[in-house]
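Each chain is listed here by its residues.
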Amino acid sequence: MSLRERETAVRQILERRPVKVPPDLCAAAMRRGGRMLRRRTVARRLLWLVLTAAVVAFFVWALTTRPWVEPPSTTTPPVTGW
């Protein structure tokens, strides 16, 4: 497409009558945006709730099983009576 053809195409686009916008477009966009924000907020709160529950569950498991304590040896019986 040459420069002259592009200029002609742009001029034709600019000379057209503007497209009519529906009168309730702004209100619909505001409703949709509000819904998106509420969903995002609920999802974020749910994520924090699940993360908190996972951390609490991990700490409860760690305190009850105490994985940092070495288990007693089962291969050699304890020596007593020396």
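Being a predicted model, the structure only gives us computed values, none of them experimental. (Residues numbered from 1 in each chain as written. Predicted model: local features only at pLDDT ≥ 70, side-chain atom pairs only at ≥ 80, totals over all residues. Heavy atoms only, no water.)

A. Inspection of the overall build of the protein chain at higher detail. When you go through the protein chain residue by residue, the secondary structure sums to 2 helices and 0 strands. Considered along the principal axes of its C-alpha atoms, the protein chain spans approximately 110 × 40 × 10 Å. Put simply, the protein chain has 15 plus and 5 minus side-chain charges, and the middle of one group is 12 Å from the middle of the other. (Helix = DSSP H or I, 4+ residues; strand = E, 2+ residues; numbered from the N terminus. Lys, Arg positive; Asp, Glu negative; His and termini not counted. Charge placed at Lys NZ, Arg CZ, Asp CG, Glu CD.)

B. Structural detail: a positive patch on the surface. A cluster of basic residues, Arg31, Arg32, Arg35, Arg38 and Arg39, forms a positive patch on the protein surface. Along the chain, Arg38 turns up in helix H2 (residues 25-65). (Patch = residues over 30% accessible without salt bridge, like charges linked within 9 Å, V, L, I, M, F, W, Y side chains within 5 Å. Areas by Shrake-Rupley, 256 points an atom, 1.4 Å probe, with all protein chains shown as cover. Salt bridge = Lys/Arg side-chain N within 4 Å of Asp/Glu carboxyl O.)

C. Examining unusual backbone geometry more closely. The backbone of Arg66 sits at a positive phi, close to 45°, despite the residue not being glycine. Note that Arg66 resides in the segment after H2. On the basis of relative accessible area, Arg66 is assigned to the partly exposed category, the value being 45%. (Buried < 20%, exposed > 50% of the residue type's maximum accessible area, 1.4 Å probe, protein only.)

D. Quick look at the environment of Thr52. Looking at the element boundaries, Thr52 is found in helix H2. Only 2.8 Å separates the side chain of Thr52 from the backbone oxygen of Trp48, close enough to count as a polar contact. (Polar contact = N/O pair within 3.5 Å; in protein donor to acceptor, adjacent residues only side chain to side chain.)

E. A look at the UniProt feature "transmembrane region" (unreviewed entry) in the protein chain. What UniProt calls "transmembrane region" (unreviewed entry) maps, in this numbering, to residues 46-64. Here residues 46-64 is 100% helix and 0% strand, with 27 Å between the C-alpha atoms at its ends. (UniProt positions renumbered as here; feature names shortened; annotations may be inferred.)

F. Examining the environment of Trp61 more closely. Position of Trp61 among the secondary structure elements: in helix H2. Taking relative accessible area as the criterion, Trp61 reaches 43% and is therefore assigned partly exposed. Along the backbone, Trp61 and Met30 are 31 residues apart, and their C-alpha atoms lie at a distance of 46 Å. Dropping the residues within four chain positions of it, Trp61 is found in contact with Arg66 and Pro67. (Contact = heavy atoms within 4.5 Å.)

G. Broad picture of the packing of aromatic side chains. For the structure on display, the rule yields 2 aromatic pairs. Each ring, one from Phe58 and one from Trp61, has its centre 5.9 Å from the other, and the planes form 35°; the classification is tilted. Placement of the pair is Phe58 and Trp61 together in helix H2, with a separation of 3 residues, close to one helical turn. The exposure class of Phe58 is partly exposed, given its relative accessible area of 48%. Each residue in the set Phe58, Phe59 and Trp61 is aromatic and connected to the rest through ring pairs, giving one cluster. (Phe/Tyr/Trp six-rings, centres within 6.5 Å; stacked < 30°, edge-to-face > 60°.)

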